[in-house]
Amino acid sequence: LPFELMLLPPTRFSEDGDQRGFRRSYDQSYVSMSAPALFAPFVRLELLHWCPLYTAAPLDGMQWYSQLVDYGMPGPGEAAPAAADLDENLVPEIMRKVVLPIVQHSVDCWDPLSSRQTESLCACMRELLIYVNPEDDVVQELLETAYKRMVSAAEEVVLPSWPPQAMSVTAGASELAARRFGTAVRLIKNLAAWDMDSAAGKEQIIPRQQLIHLAVDNLVAHRMGPHLMTLAPQDAVFRCERLISALPESWFADGLPANAAILRDALVVASRPLMGPGAAARGTDTGRRLMKLLGRVGEHSVAKQVAKAYGI
């Protein structure tokens, strides 16, 4: 193999020259159809140390992308290519045939409880879907795999519903409960990271209702809610605050999801003792936090009672 063909830039510019100087021969030899396969080895070489789970660098910042993104584009004074020019699809084809399989393998290894992996993977998916059709069978298989891994992670969440008296006399019980609750909150944040629109902006790549069902119906209603009802008031409010902050505001656009009623109930139950005698002595910060949380779950009447108790 000639040395100049072992490097991407000379190969790329050689092809460009053939295209511009010998357009008819270029078309008749089907170079446009062969270009993705020709450049794929060079792209794979640069991607050897790239992992969608740990690499924050965007695809459009890579060397192969900068060298190929304008492939086939007319130079100064040259006529624009035909509308059906296949060279325009070079980067999308490389994304689909070279990058997408790497991402698909990464999803098989993805840990839904890892915030770092989730953030990196979702950023990669947002960029990838600019070039690849979300309806592509491989993309749909990838998203189905991702959702199944989320379901499996949610099924493994177990939160104790021990009463405060048992928690206080059992060594390590409070720490265990807090750690498991934190894990559940982190999982909800990672689920919410997949609530993203497709590149066309018409729909979510994973339907929002599926994510709400998993996060709210499964985790909040059946696992986290019963745990919140057993906590001391201050602890319950603190954990309700963490949980509510993890739920995207867009999920509350039509009011509190029906199956999240237990979250509202836990917050109201925890608020009652904190509105009793000595409420003002706890400071207005506590009152304002309670008001904000109650307003978020639609309990405006209780929020007014809190404002009165705390003199806000």
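Just so it is clear, the model here is predicted, and its values are computed rather than measured.

So, on to the overall build of the protein chain. Secondary structure assignment for the protein chain yields 14 helices and 0 strands. From first element to last, N terminus to C terminus, the protein chain shows the α and β order α-α-α-α-α-α-α-α-α-α-α-α-α-α. A burial count over the protein chain gives 44% of its 312 residues as buried. Considering only residue pairs separated by 6 or more positions, the protein chain has 72% of its internal contacts joining residues 24 or more positions apart.

Before going further, it helps to spend a moment on the layout of surface pockets. Estimated volume of the largest pocket: approximately 230 Å³. Considering the residues around the largest pocket, the lining is formed by 14 residues, among which Gln-209, Ile-212, Trp-251, Asp-254 and Pro-257 are closest to the centre. Its residues assigned to classes, the lining of the largest pocket comprises 6 nonpolar, 5 polar and 3 charged.

The subject of this paragraph is the packing of helix 7 (residues 137–155) against helix 10 (residues 208–228). Where helix 7 contacts helix 10, the two axes come as close as 11 Å, and the packing angle between them is 5°. As far as their axial angle goes, helix 10 and helix 7 are roughly parallel. Contacts between helix 7 and helix 10 involve Tyr-147, Met-150, Val-151, Ala-154 and Glu-155 from the first element and Gln-210, Leu-211, His-213, Leu-214, Asn-218, Leu-219 and Arg-223 from the second. Residues that form the contact of helix 7 with helix 10 fall into these classes: 7 nonpolar, 3 polar and 2 charged.

Before going further, it helps to examine helix 11 (residues 233–246). The terminal C-alpha atoms of helix 11 lie 20 Å apart, and with 14 residues this matches the ideal 20 Å at 1.5 Å per residue to within 8%. Every buried residue belonging to helix 11 is among Ala-236, Val-237, Arg-239, Cys-240, Leu-243, Ile-244 and Ala-246, and all of these are buried.

Let us look at the state of the cysteines. The tally for this structure, following the rule as stated, stands at 0 disulfides. Cysteine Cys-51 shares no disulfide, and the gap to the nearest cysteine sulfur, in Cys-109, comes to 7.8 Å. Note on Cys-51: relative accessible area 25%, which makes it partly exposed. Judged by relative accessible area, which is 46%, Cys-109 ranks as partly exposed.

Following the sequence through the fold, Gln-117 ends up in helix 6 (residues 115–128). Of the residues examined, Gln-117 reaches a relative accessible area of 8% and is grouped as buried. Ignoring sequence-local partners within four residues, the contact set of Gln-117 consists of Leu-53, Tyr-54, Cys-109, Trp-110 and Asp-111.

Okay, the packing of aromatic side chains next. Counting across every chain of the model gives 3 aromatic pairs. On the basis of an interplanar angle of 75° and a centroid distance of 5.9 Å, the ring pair of Trp-64 and Tyr-65 is categorised as edge-to-face. Exposure class is identical for Trp-64 and Tyr-65. Each is buried. Summarising the aromatic geometry, the rings of Tyr-65 and Tyr-131 are spaced 6.1 Å apart at their centres and angled 70° between planes, so their arrangement reads as edge-to-face.

As a further point, take empty space enclosed by the protein. To find the voids left in a structure, one rolls a probe of water-molecule size over its atoms. For the structure shown, the criterion picks out 1 cavity of 30 Å³ or more. Taken as a whole, the largest cavity holds about 30 Å³ of empty space. Surrounding the largest cavity, Gln-234, Val-237, Leu-274, Thr-286 and Arg-289 form its lining. Elements with a contribution of two residues or more to the lining of the largest cavity: helix 11 and helix 13 (284–296). Per-class residue counts for the lining of the largest cavity are 2 nonpolar, 2 polar and 1 charged.

This part covers the nonpolar core. In terms of nonpolar packing, the biggest core is built from 88 residues, with Trp-64, Met-150, Trp-194 and Met-224 touching the most fellow members. Filtering out sequence-adjacent residues up to four positions away, Trp-194 remains in contact with Trp-110, Thr-118, Leu-121, Cys-122, Met-125, Leu-143, Ala-146, Met-150, Ile-205, Ile-206 and Leu-211.

About the thresholds
Residues numbered from 1 in each chain as written. Predicted model: local features only at pLDDT ≥ 70, side-chain atom pairs only at ≥ 80, totals over all residues. Heavy atoms only, no water. Helix = DSSP H or I, 4+ residues; strand = E, 2+ residues; numbered from the N terminus. Buried < 20%, exposed > 50% of the residue type's maximum accessible area, 1.4 Å probe, protein only. Contact = heavy atoms within 4.5 Å. 1 Å grid on protein atoms, 1.4 Å probe; cavity = no way out; pocket = protein on both sides within 12 Å on 5 of 7 lines; lining within 4 Å. Points joined across faces, edges and corners; volume = space filled by probe spheres on them. Nonpolar A, V, L, I, M, F, W, Y, C, P; charged D, E, K, R; others polar. Axes fitted to C-alpha atoms, helices over the stretch in contact; angles between N-to-C directions. Parallel < 35°, antiparallel > 145°, perpendicular 65-115°, else oblique. Expected span 1.5 Å × (residues − 1). Disulfide = S-S within 2.5 Å. Phe/Tyr/Trp six-rings, centres within 6.5 Å; stacked < 30°, edge-to-face > 60°. Core = buried A, V, L, I, M, F, W, Y, C linked by side-chain atoms within 4.5 Å.

That's the geometry; what it means functionally is another story.
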